Amino acid sequence: MQIEERLIHYFKWFHRHPELAYEEYETTAKIREILEGEGVEILPYELETGLVAVVRGEKAGAVQALRCDIDALPIQEETELDYASEYDGKMHACGHDFHIVAGIGCALLLEERKRELAGTVKIIFQPAEESSLGAFKILETGVMEDVERIWGLHADPTNEAGVLGIREGYVTAAVDRFVIRVKGIGCHGAHPDDGIDPVPVAAAIVQALQTVVSRNINAFHPALISVTRLEAGNTWNVISETAVMEGTVRTMDREDRILFEKRMGEIVENTARAYGAEAKMEWIAGPPATYNDGEMVKRSIGVAEKCGFLVVPEESAMGGDDFSFYEEKKPGCYIKVGTGKGQLIHQPGFMVDKKVILSTAEYLAELLFCQT
Ligand code: NI
């Protein structure tokens, strides 16, 4: 079978067998089986799921890495594909099945050119990207220690096949989560004067938090806050003792991220105090913003043009990707690959145009092959 047919065959298998974050056992076994069958070396890391393949060039050169995430989402697929998910309530709705085969294809193409390949290429098949923390499983192995730069890709259903989105600077947001707990004094609903009602306190906090974006952050810097859960009480005639809010903050700029956390803490505590209540914020930091290195961007655009891709400016997104944790170690570049216009990622009708599989694998192999 020609390489394209093989890759499409593998792609259909991965699409039919989606596994959620940290549960990618069959997926990992299949990647291993394919790569070992093709003679590609797998590094002996003790990973529960995920693996790292390596192609060692016979010429001297830098060590580079390519990261491909492998997990699926808890979504019921609604496509008419003959290779639709076989697992109820699970689907490769973020294109990570495509990332897997692009990575496999890249490994196979580099393996074929090993004699002329300068340097070493590590291909990271990372678990649990959707948990935002899967990158740590890989980083714990020490795989990045000798790596000079890392490349990443993501399926992009807002662009046609043959189009790559590449841009220097921040391209995905820092993803932080917060939980706010307000404590008042519960009492009878008819006698609010006997207690301290946490509900108006929570409402005041929700309103005030939006001013961090409108009054504290530079108007040219993307930033947002969403309070996504607000709970208090359990019946109609009792004033609750507590209220809980939860949500997310998204920022691009490192300083804005620090400022946001600080201002939120002040607003939460002092607003509550003004009402005679108490409130505390818990800040749960997720991945930082993804930043595309200038030199790597130049190289990726040069190779894209050579490979016949149309390059468009990459859209920034307030979504995140734990690819940024690798970038805390070494410079990186995260490229959006047009997979045919259609339903967006994380939607039940999301699909990848199969004709991008080989061209993406070839592009990645060329990118990692060419050192200058
Ligand atoms: Ni994704």
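Residues numbered from 1 in each chain as written. Predicted model: local features only at pLDDT ≥ 70, side-chain atom pairs only at ≥ 80, totals over all residues. Heavy atoms only, no water.

Draft legend 1. Quick peek at the overall build of the protein chain. Counting its secondary structure elements, the protein chain contains 9 helices and 16 strands. With the principal axes as the frame, the protein chain shows a C-alpha extent of 80 × 40 × 40 Å. When each of the 372 residues of the protein chain is scored for burial, the buried share is 54%. Sequence separation of 24 or more characterises 81% of the internal contacts of the protein chain that already satisfy a separation of 6 or more. Entry remark: accessible area of the protein chain is about 16,600 Å², with carbon and sulfur atoms responsible for 50%. (Helix = DSSP H or I, 4+ residues; strand = E, 2+ residues; numbered from the N terminus. Buried < 20%, exposed > 50% of the residue type's maximum accessible area, 1.4 Å probe, protein only. Contact = heavy atoms within 4.5 Å. Areas by Shrake-Rupley, 256 points an atom, 1.4 Å probe, with all protein chains shown as cover.)

Draft legend 2. Layout of the coordination of the nickel ion. Around the nickel ion, the donor atoms from the protein are Cys-94 (SG), His-96 (NE2) and His-154 (NE2), and they sit 2.1 to 2.2 Å away. Sequence positions of the residues that donate to the nickel ion give the spacing C-x1-H-x57-H. Here the two residues Cys-94 and His-96 agree in accessibility, since each one is buried. (Donors = N, O, S within 2.8 Å, 3.2 Å for Na, K, Ca; no water.)

Draft legend 3. Fine view of the packing of aromatic side chains. Overall, the coordinates contain 7 aromatic pairs when judged by the stated rule. Ring centres of Trp-13 and Phe-14 lie 5.3 Å apart, and the angle between their planes is 90 degrees; on these two criteria the pair is classed as edge-to-face. The exposure class assigned to Trp-13 is buried, which follows from its relative accessible area of 16%. Assessed through its relative accessible area of 0%, Phe-14 is described here as buried. Each member of the aromatic cluster is reached from another via a ring pair, and the members are Phe-323, Tyr-326 and Tyr-334. Between the NZ or CZ atom of Lys-30 and the centre of the ring of Trp-13, over which it lies, the distance is 4.9 Å. (Phe/Tyr/Trp six-rings, centres within 6.5 Å; stacked < 30°, edge-to-face > 60°. Lys NZ or Arg CZ within 6 Å of the ring centre and 35° of its normal.)

Draft legend 4. Structural view of the sheet that holds strand β4 (residues 118-126). The strand order across the open sheet built from 8 strands is β1-β2-β4-β3-β5-β16-β6-β15, with neighbouring strands paired in mixed fashion. Strands at the two margins of the open sheet, each flanked by one partner only, are β1 (41-42) and β15 (310-312). Sheet topology note: the strand β2 (residues 51-56)/β4 ladder contains 6 bridges and is antiparallel. Note on β4: the bridge partner recorded for Leu-51 is Phe-125. Of the strands in this sheet, β3 (59-69), β5 (149-156), β6 (163-165), β15 and β16 (332-338) are in contact with helix α7 (residues 294-306), which crosses β5 at around 55 degrees. (Pairing = 2+ DSSP bridges. Axes fitted to C-alpha atoms, helices over the stretch in contact; angles between N-to-C directions.)

Draft legend 5. Spatial organisation of the side chain of Thr-360. Positionally, Thr-360 belongs in helix α9 (residues 356-369). From its side chain, Thr-360 meets the backbone oxygen of Val-356 in a polar contact 2.5 Å long. When neighbours within four sequence positions are excluded, Thr-360 is seen to be in contact with Phe-98, Ala-102, Leu-153, Phe-309 and Val-337. (Polar contact = N/O pair within 3.5 Å; in protein donor to acceptor, adjacent residues only side chain to side chain.)

Draft legend 6. Structural detail: the pattern of salt bridges. Tallying each qualifying case throughout the model produces 25 salt bridges. Measuring nitrogen to oxygen at the nearest pair gives 3.0 Å for the salt bridge that ties Arg-6 to Glu-38. Taken together, the residues span a long stretch of sequence, with Arg-6 in helix α1 (residues 3-16) and Glu-38 in the loop between α2 (25-37) and β1 at a distance of 32 residues. Bridged by salt links that share partners, the residues Arg-67, Asp-69, Asp-321 and Asp-322 form one connected network. (Salt bridge = Lys/Arg side-chain N within 4 Å of Asp/Glu carboxyl O.)

Draft legend 7. Molecular detail of α1. With 14 residues, α1 should cover 20 Å at 1.5 Å per step; its first-to-last C-alpha distance of 20 Å lies within 8% of that length. Those residues of α1 not exposed but buried are Ile-3, Leu-7, Ile-8, Tyr-10, Phe-11, Trp-13, Phe-14 and His-15. Residues of α1 that are buried in the fold lie against α2, α3 (96-112) and α9. (Expected span 1.5 Å × (residues − 1).)

Draft legend 8. Representation of the packing of α2 against α3. Taken N-terminus to C-terminus, the directions of α2 and α3 make an angle of 20 degrees; their axes are 11 Å apart at the nearest point. It follows from the interaxial angle that α2 and α3 lie roughly parallel. For α2 against α3, the interelement crossing comes out right-handed. Between α2 and α3, the contacting residues are Thr-27, Ile-31, Ile-34 and Leu-35 on the first element and Ile-100, Ile-104, Ala-107 and Leu-108 on the second. Looking at side-chain class alone, the contact of α2 with α3 contains 7 nonpolar, 1 polar and no charged residues. (Parallel < 35°, antiparallel > 145°, perpendicular 65-115°, else oblique. Left-handed = near helix turned anticlockwise from the far one by under 90°. Nonpolar A, V, L, I, M, F, W, Y, C, P; charged D, E, K, R; others polar.)

Draft legend 9. The arrangement of the pairing of β2 in detail. β2 sits mainly inside the fold: 5 of its 6 residues count as buried. Here 2 bridges tie β1 to β2, and the two strands are oriented antiparallel to one another. Residue pairing for β2: Ile-42 is matched across the bridge by Ala-53.

Draft legend 10. Focus on the environment of Glu-26. Along the chain, the position of Glu-26 falls in helix α2. Sequence spacing of Glu-26 and Phe-14 is 12 residues, and the spatial spacing of their C-alpha atoms is 9.3 Å. Ignoring sequence-local partners within four residues, the contact set of Glu-26 consists of Trp-13, His-17, Glu-19 and Tyr-87. Separated by 2.6 Å, the side chains of Glu-26 and Tyr-87 make a polar contact.

In short, shape yes, function no, at least from these values alone.
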